[in-house]
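# Observations on the model geometry
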Amino acid sequence: MNQIADLSAGLACPIPLSEYKNVLLAHGGGGKLTQTLIQKMFASRFDNQMLDILHDGAVFPGGSPRYAFSTDSYVIKPIFFPGGDIGELAVNGTVNDLAMCGAKPLYLSSAFIIEEGLPMDDLWKIVLSMKAAADRSGVSLVTGDTKVVDRGKGDGIFINTSGIGAVLPHAEIDPRNARRGDRIIVNGPIAVHGIAIMSVREGLEFDTEIRSDTAPLNGLVERILKAGKDVHVLRDPTRGGVASAVNEIAQSSGKGILLDEEALPIGEQVRGACEILGFDPLYVANEGKLLAFVAAGSAGRVLQEMRSHPLGKESVIIGEVVDDHPGIAVMKSRVGGTRVVDMLSGEQLPRIC
Amino acid sequence: MKYIDEYRDGDAAGKSAEMIRRITTREWTLMEICGGQTHTIVKYGIESLLPPGLTLVHGPGCPVCVTPLEIIDRAIAIATRTDVIFTSFGDMLRVPGSSKDLLTVKAEGGKVRIVYSPLDAVRIARENPDMKVVFFGVGFETTAPANAMSVFQAKKQGIKNFSLLCSHVLVPPAIEALLSSPANRVQGFLAAGHVCTVMGYEEYFPIAERYHVPLVVTGFEPLDVLQGIYMTVRQLEEGRCQVENQYSRSVRREGNRPAQDLLKQVFRVSDRTWRGIGEIPNSGYALREEYADHDAEKIFDVGEIRTRESPLCIAGTILQGLKKPNECTAFGRECTPEHPLGAPMVSSEGACAAYYHFGGYTGRTPS
Amino acid sequence: MCLAIPGKVLTIDRTVSPVMGNVSFGGVQKSVCLEWLPDVRVGEYVIVHVGFALSTVDEKDALETLKMFKEMEEQEGE
């Protein structure tokens, strides 16, 4: 009676129907719409201290070591692409989310939603990839689930992986920790994964193979954390690209971010592909890449350590944290002016005209 | 990358800006026609490098932005049909129609596909003989030959299920319409380099003479734009009104003749409505009678189209260069890239989108 | 208008209609229609828009444009 009335008062849909009657692909793009969906729909309802940080994973309070928990789902199409497949991505992705919490990944679960008709051979290949990826990063797959859905309802296969890791000693990683003067380091060329996927997708094909850079970053993260005690934030710039990642951190920390266009590492072929499609590499998805926000004093040492690791050979400083324009990321262009680096809006559609 | 990187050199840009400052003795208002040039100007912060008396206004050179609302609504109606695969360039998908956009049609189950080239659409038609494949042929003269080729090939190869929904606009009539408007304050033009790559620049001589304005055919990299500005200002300072070619590495005076021949074969010049501006006579292309079988406007009867523009959107004023995006009351508030009220906020070449993304928005500009 | 970028012609196939070729953009190869450039040669650079080559890049003019910046400086210095 009273209780029911109270409940229904809070149940009005937070995203007014007049705005979006249906969920759009853009709501999964990693940019503004995703942010809105998460904040208005999920975070507002499930509101709690750990969720509010909205980092790649949740760190449980108390205990020694503290534990981190993360989950990620993989719906990529095509499921096999140059440089990897959905299985490898699924393992590396959750391993990396845990690493971004400053944790050593330990155990993974995996839930499969398989579309009726998927060739057994494909499933086997995916399983082998997952095993190889798990071995490479030192995690064990300890539990899982399998479902099969009707033909036509599932894009081949969807995979969800969740993981638990132990936070490394001295690791104090939190997107709110970014401080003025922090240097922003990336471990290698950006925009590779997204372009590798575009290269296979229908309608946008290239003849020269660009391979995804998917890789487990936990080893690199351990190296980074050993080298510097002042590592404030770690983030892997997946969907939405480097631009969306730095914007999220700028907003969480209330600081401004200044990037240097000339410092951005971009491979020549990836640049060519972005030029043709009219894509801005800052918004293209990455895998096997991380951003480390490190206090100025430790940055040199951390950079050196990263460059001695196979996944960090091309590490470079691409920007810094500033007090100006709080919550906003800007970039100094090679021609001299500065411009705002906004969050991704909608899907990045290839620009033709 | 060759022929791109050299034209983005920071030092040379600084020097060009210095040159422009030295020769500018009066206030001048220039317009860059093409959306790609607007994009470059805002992205590289070129306006901040220019002397204060020099004003750049952004022209209607964004074909996505000027596609009439009625055609967008028609495209949406066609794309909603279950017997149609609707193909288009990526940019068109988020342009708001009267009630929704093509991306929403896709979300609701319509077969909408992005293609990179019109020939891809022809291939899709060949591979799907049971479906009607429509290609949304939008653009200026740069894209017209490519769209013409698609229809030409479809007819030649007997691909009967392919049709073109054509919405082509021409630049010179738009320039004349702008220049003959009493509200016009533009004194010199940076003409669109890629349009002229196809069409040449013969058409601009009578315009320069009739309206006494310098026209400089300009490229798209930051150095091209700066050089184009320099050449235009130099003409104005010297009291000249001639047609010059900054983008000579790509543009020839006569343009590309074989491409022009194909245009004449497939299209005829027609009157066109420009969204936000109105009808400009002889400012567009329509398919010739011989291609009626491949004309989506004739093939699909989608009933009466009643259009409805947002009352807050001042796209027309922006496209004519009479106002800047951040002077619009809805800019950044009711109108953002996620909730665009008009096309210039959606198209990545639209002035409003460029301003929003790169920070012309008050309170977001760092400098 | 519109996005058109320069690429290097690697191969030309004149046996098909329309004439097609393989063009490289910084290492990324794409199939491009060369029908409107009957005199184009392998090794030349072309400006490509939506899969069609619209013009060849005139190397001499390209260098002239870049030289112009140096000359602009010298002229104005007088």
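Parameters at a glance
- Residues numbered from 1 in each chain as written.
- Chains lettered and ligands numbered in written order.
- Predicted model: local features only at pLDDT ≥ 70, side-chain atom pairs only at ≥ 80, totals over all residues.
- Helix = DSSP H or I, 4+ residues; strand = E, 2+ residues; numbered from the N terminus.
- Buried ≥ 20, exposed ≤ 12 C-beta atoms within 10 Å, placed from the backbone.
- Contact = placed C-beta atoms within 7 Å.
- Domains from an automatic or database assignment.
- Nonpolar A, V, L, I, M, F, W, Y, C, P; charged D, E, K, R; others polar.
- Axes fitted to C-alpha atoms, helices over the stretch in contact; angles between N-to-C directions.
- Parallel < 35°, antiparallel > 145°, perpendicular 65-115°, else oblique.
- Left-handed = near helix turned anticlockwise from the far one by under 90°.
- Pairing = 2+ DSSP bridges.
- Core = buried A, V, L, I, M, F, W, Y, C linked by C-beta atoms within 7 Å.

Our next topic: the overall build of chain A. Regarding its fold elements, chain A presents 10 helices and 14 strands. The 353 residues of chain A split such that 52% are buried. Counted over contacts in chain A with a minimum sequence separation of 6, partners at least 24 positions apart contribute 84%.

We note that the domain assignment places domain 1 (14–47), domain 2 (56–167) and domain 3 (175–340) within chain A. The straight-line distance from the C-alpha centre of domain 1 of chain A to that of domain 3 of chain A is 25 Å.

With that settled, consider unusual backbone geometry. Of note, the amide linkage connecting Ser64(A) to Pro65(A) takes the cis form, showing an omega dihedral of 5°. In this structure, Pro78(A) follows Lys77(A) across a cis peptide bond, with omega equal to 5°. When you line up the elements, Pro78(A) lands in the loop between strand S2 (67–74) and strand S3 (80–81). Phi is positive for Ala191(A), which is not a glycine, with a value near 70°. At Tyr3(B), a position not held by glycine, the phi torsion is positive, near 70°. Here Tyr3(B) is to be found in the segment before helix H1 (10–23).

Across the boundary between the two partners, chain B contributes 40 residues, which contact 31 residues of chain C. Taken together, the elements giving at least two residues each to the side of chain B that touches chain C come down to H1, helix H2 (35–43), helix H6 (118–127), helix H7 (144–156), helix H9 (193–199), helix H11 (222–237) and helix H12 (257–266) of chain B. In terms of residue count, the dominant contributor to the side of chain B that touches chain C is H1(B) (six residues). Partitioned by chemical class, the residues of the side of chain B that touches chain C number 21 nonpolar, 14 polar and five charged.

Between two packed helices, both the angle of their axes relative to each other and the distance between the axes serve to describe the pair. Residues and elements named next belong to chain A. Look at helix H4 (residues 86–99) against helix H5 (residues 120–137): their axes get within 7 Å of each other, and the N-to-C directions meet at 30°. Here H5 runs roughly parallel to H4, going by the angle between their axes. The chirality of how H4 crosses H5 is right-handed. Residue-level contacts link Ile86, Gly87, Glu88, Ala90, Val91, Asn92 and Val95 of H4 to Ile126, Val127, Ser129, Met130, Ala133, Ala134 and Ser137 of H5. In terms of residue class, the contact of H4 with H5 is built from nine nonpolar, four polar and one charged.

A few words now on the sheet that holds strand S11 (residues 278–287) of chain B. Residues and elements named next belong to chain B. Pairing is mixed across the open sheet formed by six strands, whose spatial order is S4-S3-S5-S6-S11-S10. The sheet is open, and its two edges are formed by strand S4 (111–114) and strand S10 (267–274), each paired on a single side. The average angle at which neighbouring strand axes cross in this sheet is 25°, direction not considered. Bridge count between strand S6 (residues 162–169) and S11: two bridges; the pairing is antiparallel. Bridge pairing links His168 to Tyr285 in S11.

What follows deals with the nonpolar core. Across soluble globular proteins, nonpolar side chains show a tendency to be buried alongside one another. Ile195(A), Ala292(A), Ala191(B) and Ala53(C) are the most contacted members of the largest nonpolar core, which totals 239 residues. No other element matches the eight residues that H11(B) contributes to this core.

Another aspect to go through is the packing of H2(B) against helix H15 (residues 351–358) of chain B. Residues and elements named next belong to chain B. One can describe the packing of H2 onto H15 by two numbers: an axis separation of 9 Å at closest approach and a directional angle of 20°. It follows that H2 is roughly parallel to H15 by the angle criterion. Judged by the twist between their axes, the crossing of H2 over H15 is right-handed. Touching Thr38, His39, Val42 and Lys43 of H2 are Ala351, Ala354, Tyr355 and Phe358, all from H15. Tallied by class, residues from the contact of H2 with H15 come to five nonpolar, two polar and one charged.

Another aspect to go through is the sheet that holds strand S8 (residues 215–218) of chain B. Residue and element names in this part refer to chain B. Taken together, five strands build an open sheet; the order of strands is S2-S1-S7-S8-S9 and the sheet is parallel. Across the chains shown, the open sheet's two edge strands, defined by having one partner strand only, are strand S2 (54–61) and strand S9 (243–245). Each strand axis lies, on average, 25° off the axis of its neighbour in the sheet, ignoring direction. Packing of H2 onto the sheet brings it into contact with strand S1 (28–34), S2, strand S7 (188–192) and S8, and relative to S1 it is tilted by some 120°.

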